[in-house]
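Fold and geometry: a report
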Amino acid sequence: MTLLVLLGALLTALGLFGLGYCIRQGFVIRRDKPSPEVARSALQRLVAVNLGSVALATIGLVLVVAGLMLG
């Protein structure tokens, strides 16, 4: 069960790094002040990364909880 907890912690950390990336890129997009079409395109890609990061962090937390409950 220790492996399950460690794997879950790793996935959660990767998800949190992805969220940090999204925040940083959001600030970069806002700082650069691109045209509305370019900004919309960049933000749509960023939303996909954001959703993936949240899903990865959620799966990681589920694995941590499962590992703790089983162990």
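The sections below set out a description of the structure shown in this document. Source: prediction; values computed, not measured.

Definitions and limits used
Residues numbered from 1 in each chain as written. Predicted model: local features only at pLDDT ≥ 70, side-chain atom pairs only at ≥ 80, totals over all residues. Heavy atoms only, no water. Helix = DSSP H or I, 4+ residues; strand = E, 2+ residues; numbered from the N terminus. Expected span 1.5 Å × (residues − 1). Buried < 20%, exposed > 50% of the residue type's maximum accessible area, 1.4 Å probe, protein only. Contact = heavy atoms within 4.5 Å. Salt bridge = Lys/Arg side-chain N within 4 Å of Asp/Glu carboxyl O.

Remarks on helix H2 (residues 36–70)
Compared with the 51 Å implied by 1.5 Å per residue over 35 residues, the 50 Å span of H2 between its first and last C-alpha is a close match. Among the residues making up H2, those that are buried are Ala 39, Ala 42, Leu 46, Ser 53, Ala 57, Gly 60, Leu 63, Val 64 and Gly 67. Each element contacted by the buried residues of H2 is listed here: helix H1 (2–32).

Some details on the pattern of salt bridges
Evaluation of the coordinates by the stated rule reveals one salt bridge. Measuring nitrogen to oxygen at the nearest pair gives 3.6 Å for the salt bridge that ties Asp 32 to Arg 31. For Arg 31, a relative accessible area of 60% translates into the label exposed.

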